[in-house]
2 protein chains.
Amino acid sequence: MSTPAARPTEDELIARYFAPMAGEGGLRLLDDAARIVPPEGQDLIVTVDALVAGGHFFSDDPATAIGRKALGVNMSDLAAKGAAPLGFLLTLALPDDWTAEWLSGFSDGLGEAASTYRCPLLGGDTVAARGPLTISITALGTVPHGRMVARTSAKAGERVCVTGTIGDAALGLVLRRQPGAGWTSGLSINHRVYLTDRYLHPRPRLALAEILREHASAAMDVSDGLAGDLAKMARASGLSAEVDVDLIPFSLAGRGAIAADGRLRDRMITGGDDYEILCTVPDAKLAAFLDAAARAGVPATVIGRMIEGDETPVFRDGGLERRYDRGSFSHF
Amino acid sequence: MSTPAARPTEDELIARYFAPMAGEGGLRLLDDAARIVPPEGQDLIVTVDALVAGGHFFSDDPATAIGRKALGVNMSDLAAKGAAPLGFLLTLALPDDWTAEWLSGFSDGLGEAASTYRCPLLGGDTVAARGPLTISITALGTVPHGRMVARTSAKAGERVCVTGTIGDAALGLVLRRQPGAGWTSGLSINHRVYLTDRYLHPRPRLALAEILREHASAAMDVSDGLAGDLAKMARASGLSAEVDVDLIPFSLAGRGAIAADGRLRDRMITGGDDYEILCTVPDAKLAAFLDAAARAGVPATVIGRMIEGDETPVFRDGGLERRYDRGSFSHF
């Protein structure tokens, strides 16, 4: 029987696991605060997202995956605003049964993400919470002055575009919960791995940030489901929207799942954790936008149009119309 | 029997309780992120502090006090760095049994603090955590470029100063836990109220921020106990320190408590939640520092000196020497 490694104190924990990923402004995490010298001519973009065990991830998900996801979901918000990462602050509320092994895996994943996204740790706070593991990250980014891509500025007539494919993470979550569900019997091992990976590992679309600033009128990341997030953007812009369901980009694995069980499509349209970008683009810029996105390695697809009105966006499927009035997956 | 008010959805909750305290950069909390246009010639200071029910406050403390404290402890960090508040982001992890009444009180207290400290809400995230209420606040502030007061830059020979009085909140906590303890029998109602108030309501020393920038070589706020926090500052600066216990400023209520039970003094020196400022000042600036602090309404007291060495700071009490090797109250 192996003895678990001794749990470090808070100071040891910071020095061992977190100081190595600290940026220059993080002052080796020895101070109470971080210092940022704002790059000239840039605005700062600040966003915060929290993840809770049992809500946003499973306690027994790999610790490295949890670490990567915690930063990834915040990078997705920065990307949607057209921002480049600058740094982040971490609040870690640890449950009673945390182990040094878990923390080592978590900080490995977090550090790997910090390095990938060039987003150093600036500071943080670690507390014991006698509850589920809760991770809150505040991320800072930069955009050229006045160029943040808002959620509230979509205009009627603009095309609604989405990156990548929709619903994979929702299927990955179903797989995680019901690994033997009927629709999975025809699923190849590759597709099973792909869907699970999409659930575990957000791929924030930072490569699209500059392209959004150039071409999009409004943008947000798709984290709570396409239907719900489009409804939020429409409402925030004082508009409605129409979507052609046939245009929504589904992956090969996703199309296979729908073929096996047609009811999954609604779940894919309303499920969370896509971490793709939803944006609106005026017709005059559409070709240039799609071209630039493709060249940046981020496939983007037109799925509909913003329209006047205050109704929940309509999803058209052949002759049928559907409004997902409770279409948002809420982690709350 | 009254029916509790219906619990709002996350969107309603944001609109009802939090949008009213949002600043201009908070974009009415309708976006995924906040935008900050950095004031010219200023550095940004960023700090994060989390509070957990049962650890940093009692679940049945007044909700307004919890709201005020959550922002106040972060303002104390900004003050210690010589910074002026710019705005904050809030992560609220709500337990299963949260009520609209509680949230209303909490947001009242938080909004009052935001208004007092001129520190508007910029954004946030609300999650359900099936654990203790956990509040994490990331606060941003500004200092003139290059003028942040670090923790790591104390120099040997400099005077160690502390603001206000030490140990009142620690006594307030004892009162909260053991209201009938022996030493309290001689405590006047005024002193009882005072100590409880010091525990519930941090008074961040923002009025000292500019004065620290002018006169102090190093500073931090006293949140985890004077002895432990001085040890942290000494270690971070590669030094040791000596303190004359007779010089530590205790309040009238605090002196009464020590007279009734001498063992309380150690608890006051090591207890947390003072939210005073600990700083080092060179001899040549000492008179000007003390004078400026007094004029700003923040009493400051010399309690010792930074010295060469790497030992835990020594506290001299008459002929006795004491080192508080476990002198820090850790919320972790």
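The model shown is predicted, which means the values in this text are computed figures rather than measured ones.

S.K.: Give a description of the side chain of R151(A) that names residues and reports values.
M.R.: Here R151(A) shows up in the loop between β5 (134–144) and β6 (159–163). Judged by relative accessible area, which is 11%, R151(A) ranks as buried. With near-sequence residues (within four places) excluded, R151(A) lies in contact with K81(A), A218(A), A219(A), M220(A), K232(A), M233(A), A236(A), S237(A), L30(B), D31(B) and D32(B).

S.K.: Describe the UniProt feature "binding site: Mg(2+) 4" (unreviewed entry) in chain A, with residues and values.
M.R.: Here, the residues flagged by UniProt with the feature "binding site: Mg(2+) 4" (unreviewed entry) are D32(A), T47(A) and D77(A). These residues run over 46 residues, and the two farthest C-alpha atoms among them are 26.2 Å apart, placing them at more than one spot. Following the sequence through the fold, D32(A) ends up in the loop between α1 (10–18) and β1 (34–36). Among the residues examined, D32(A) registers a relative accessible area of 14% and is labelled buried. Here D32(A) is in contact with T47(B), D77(B), K81(B), R151(B), A219(B), M220(B) and D221(B), once residues within four sequence places are set aside. On the basis of relative accessibility, which here comes to 5%, the residue D77(A) falls in the buried class. Dropping the residues within four chain positions of it, D77(A) is found in contact with T47(A), D49(A), D221(A) and D32(B). One polar contact links D77(A) to T47(A), side chain to side chain, over a distance of 3.4 Å.

S.K.: Before we move on, could you go through the relation of the copies chain B and chain A and cite the residues and values that matter?
M.R.: For the match of chain B to chain A, the screw axis carries a shift of 0.0 Å, the RMSD comes to 0.0 Å, and the turn is 180°. Given the turn and translation reported, the copies of this chain are related as if by a two-fold rotation axis. The rotation axis passes nearest to the C-alpha of G131(B) in chain B, at a distance of 2.0 Å. Here 100% of the contact residues of chain B are again contact residues in chain A; the copies associate through an equivalent surface.

S.K.: Explain helix α8 (residues 252–260) of chain A residue by residue, including any values.
M.R.: Residues and elements named next belong to chain A. Taken as a whole, α8 has its buried residues at A253, G254, A257 and I258. Taken down its axis, α8 places every buried residue within 140° of arc, on the same side. For α8, the exposed residues lying more than 90 degrees away from the buried face are L252 and A259. Structurally, α8 contributes buried residues whose contacts are with α4 (168–177), α5 (189–200) and α9 (264–270).

S.K.: Describe the UniProt feature "binding site: Mg(2+) 3" (unreviewed entry) in chain A, naming the residues involved and giving the relevant values.
M.R.: UniProt feature "binding site: Mg(2+) 3" (unreviewed entry): in the numbering of this structure it lies at D32(A), D77(A) and D221(A). Spatially, the listed residues are scattered: they cover 190 residues, and their C-alpha atoms lie as much as 31.8 Å apart. As for its placement among the helices and strands, D77(A) is situated in helix α2 (residues 63–80). In this structure, D221(A) sits in strand β7 (residues 218–222). Judged by its relative accessible area of 2%, D221(A) falls in the buried class. Aside from chain neighbours lying at most four places away, what touches D221(A) is V73(A), S76(A), D77(A), A80(A), D229(A), Y275(A), E276(A), I277(A) and D32(B).

S.K.: Give me the lowdown on the pairing of strand β11 (residues 314–317) of chain B, citing residues and values where you can.
M.R.: The side chains of a regular strand alternate between the sheet's two faces. Residue and element names in this part refer to chain B. One ladder, built from 3 bridges, connects strand β8 (residues 240–244) with β11; its direction is parallel. Counterpart to V243 in the pairing with β11 is F315. Bridge count for β11 against strand β12 (residues 320–323) is 4 bridges, and the pairing is antiparallel. From the neighbouring strand, D317 faces β12, where its bridge partner is L320. Linking β11 back to β12 in an antiparallel pair, the connection comprises 2 residues, with G318 at a positive phi of about 60°.

S.K.: Please provide a residue-by-residue account of the packing of α4(A) against α5(A), values included.
M.R.: Residues and elements named next belong to chain A. With their axes 7 Å apart at the nearest point, α4 and α5 run at an angle of 105° to one another. Regarding the angle of α4 to α5, the classification is roughly perpendicular. The segment α4 lies against α5, with D168, A169, L171, G172, L173 and L175 engaging R192, Y194, L195, T196, R198 and Y199.

S.K.: Go over unusual backbone geometry with me, naming the residues and quoting the values.
M.R.: With a phi angle near 70°, D273(A) is a residue other than glycine that sits in the positive phi range. For R118(B), which is not a glycine, the phi torsion comes out positive at approximately 50°. Tracing the sequence through the fold places R118(B) in the loop between α3 (100–116) and β4 (121–128). For R118(B), a relative accessible area of 70% corresponds to the exposed category.

Basis of the calculations
Residues numbered from 1 in each chain as written. Chains lettered and ligands numbered in written order. Predicted model: local features only at pLDDT ≥ 70, side-chain atom pairs only at ≥ 80, totals over all residues. Heavy atoms only, no water. Helix = DSSP H or I, 4+ residues; strand = E, 2+ residues; numbered from the N terminus. Buried < 20%, exposed > 50% of the residue type's maximum accessible area, 1.4 Å probe, protein only. Contact = heavy atoms within 4.5 Å. UniProt positions renumbered as here; feature names shortened; annotations may be inferred. Polar contact = N/O pair within 3.5 Å; in protein donor to acceptor, adjacent residues only side chain to side chain. Least-squares fit on C-alpha atoms with pLDDT ≥ 70 in both. Arc of directions from axis to C-beta. Pairing = 2+ DSSP bridges. Axes fitted to C-alpha atoms, helices over the stretch in contact; angles between N-to-C directions. Parallel < 35°, antiparallel > 145°, perpendicular 65-115°, else oblique.

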